[in-house]
Amino acid sequence: MNVASTPNTRDRLQLRLREPANQVSPQAKTWWALQSVIVWVFALIALVVTVLIWGVTIWWSLAAAVVVVWAALDLIFVPRLRYRWNRWETTDQAVYTQTGWFSREWRIAPLSRVQTVDTERGPLQRALGLSTVTVTTASAAGALKIEGLDKDVAAALVDQLVAITEATPGDAT
């Protein structure tokens, strides 16, 4: 008998792969847009350097038009899409994450497998009051990252995860 075809197993899998309940901070949209601005500034500098070296050509004009359109789409739509699709949730048993807008990824980390819980705050994140929480497990797939959390929410989440994992029996391997 195929395990995936049994009704109880199928229902449990759908429950486990549900959309996590919590969205990241609305400030994350600004953070992601600022990260993109930094990348596009370098692209603009590269275009200016090419003009200084070779002058304005039809190819340069086409490249500039493509860069401008792509940058505008990236700055206007991508942060909104990331905000819509990046979600997270914790329960007493697991941490759930959902990321991606083009290629979607759902990850579940049982708290009995958690080895470390870290917080990261880069300069832009500090300026916007945001944090990234990284949950490292014994999984070969790597750590779960919850980006764009309000710093107070991130601190409470870290405290909650540490308390639960300390109380969970096992060696997290």
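Reading guide: rules and limits
Residues numbered from 1 in each chain as written. Predicted model: local features only at pLDDT ≥ 70, side-chain atom pairs only at ≥ 80, totals over all residues. Heavy atoms only, no water. Helix = DSSP H or I, 4+ residues; strand = E, 2+ residues; numbered from the N terminus. Buried < 20%, exposed > 50% of the residue type's maximum accessible area, 1.4 Å probe, protein only. Contact = heavy atoms within 4.5 Å. Areas by Shrake-Rupley, 256 points an atom, 1.4 Å probe, with all protein chains shown as cover. Salt bridge = Lys/Arg side-chain N within 4 Å of Asp/Glu carboxyl O. Expected span 1.5 Å × (residues − 1). Arc of directions from axis to C-beta. Core = buried A, V, L, I, M, F, W, Y, C linked by side-chain atoms within 4.5 Å.

Colleague: What's the story with the overall build of the protein chain in this structure? I'm lost.
Modeller: Counting its secondary structure elements, the protein chain contains six helices and seven strands. Each helix (α) and strand (β) of the protein chain, taken in turn from the N terminus, gives the series α-β-α-α-α-β-β-β-β-α-β-β-α. Counting across all 173 residues of the protein chain, residues that qualify as buried make up 33%. In the protein chain, the proportion of contacts linking residues at least 24 apart, taken out of those at least 6 apart, comes to 55%. With the model as given, the accessible surface of the protein chain reaches about 10700 Å², and the carbon-plus-sulfur share is 63%.

Colleague: Mind showing me how you'd approach the pattern of salt bridges here?
Modeller: Two side chains of opposite charge can pair, provided their charged atoms sit close to one another. In this structure the tally under the stated criterion is three salt bridges. Arg82 is the salt-bridge partner of Glu147, the closest N and O atoms lying 3.2 Å from each other. Residue Glu147 is found in strand β7 (residues 144–150), and its partner Arg82 is found in helix α4 (residues 78–85); the two are separated by 65 residues along the sequence. The class of Glu147 is partly exposed, set by a relative accessible area of 27%. Where Lys145 meets Glu120, a salt bridge forms, and the shortest distance between an N and an O atom there is 3.9 Å. Taken together, the positions of Lys145 in strand β7 and Glu120 in strand β5 (residues 114–120) put the pair 25 residues apart, joining distant regions of the chain. By relative accessible area, which is 41% here, Lys145 ends up partly exposed.

Colleague: Where do I start with the environment of Val117 in this structure?
Modeller: Within the secondary structure, Val117 is located in strand β5. Spatially, the C-alpha atoms of Val117 and Thr165 are 9.7 Å apart, while their sequence positions differ by 48 residues. The contact partners of Val117, leaving out residues within four places of it in the chain, are Val133, Thr134, Val158, Leu161 and Val162.

Colleague: Would you take a moment to explain helix α6 (residues 151–167) for this structure?
Modeller: Since the α-helix packs 3.6 residues into each turn, any two residues three or four apart lie on the same face. Its 17 residues place the ends of α6 24 Å apart at the C-alpha level, agreeing with the 24 Å of an ideal helix rising 1.5 Å per residue. Among the residues of α6, those classed as buried are Ala154, Leu157, Val158, Leu161, Ile164 and Thr165. Seen from one end, α6 has its buried residues packed into an arc of 140°, which puts them on one side. Seen from the open side of α6, the exposed residues pointing more than 90 degrees away from its buried face are Asp152, Asp159, Glu166 and Ala167. For α6, the secondary structure elements touched by its buried residues are β2 (87–90), β3 (94–99), β5, β6 (130–137) and β7.

Colleague: What is the right way to read the environment of Thr30 from this model?
Modeller: Mapped onto the elements, Thr30 comes out in helix α2 (residues 27–54). Distance in space between the C-alpha atoms of Thr30 and Arg80 is 9.4 Å, their sequence separation being 50 residues.

Colleague: Would you take a moment to explain the nonpolar core for this structure?
Modeller: Note on soluble globular proteins: their nonpolar side chains tend to be buried together. With 23 residues, the main nonpolar core has Val133, Leu149, Leu157 and Leu161 as its most contacted residues. It is α6 that contributes the most residues to this core, five residues altogether. With near-sequence residues (within four places) excluded, Leu149 lies in contact with Ser25, Trp88, Gly129, Leu130, Ser131, Val133, Ala154 and Leu157.

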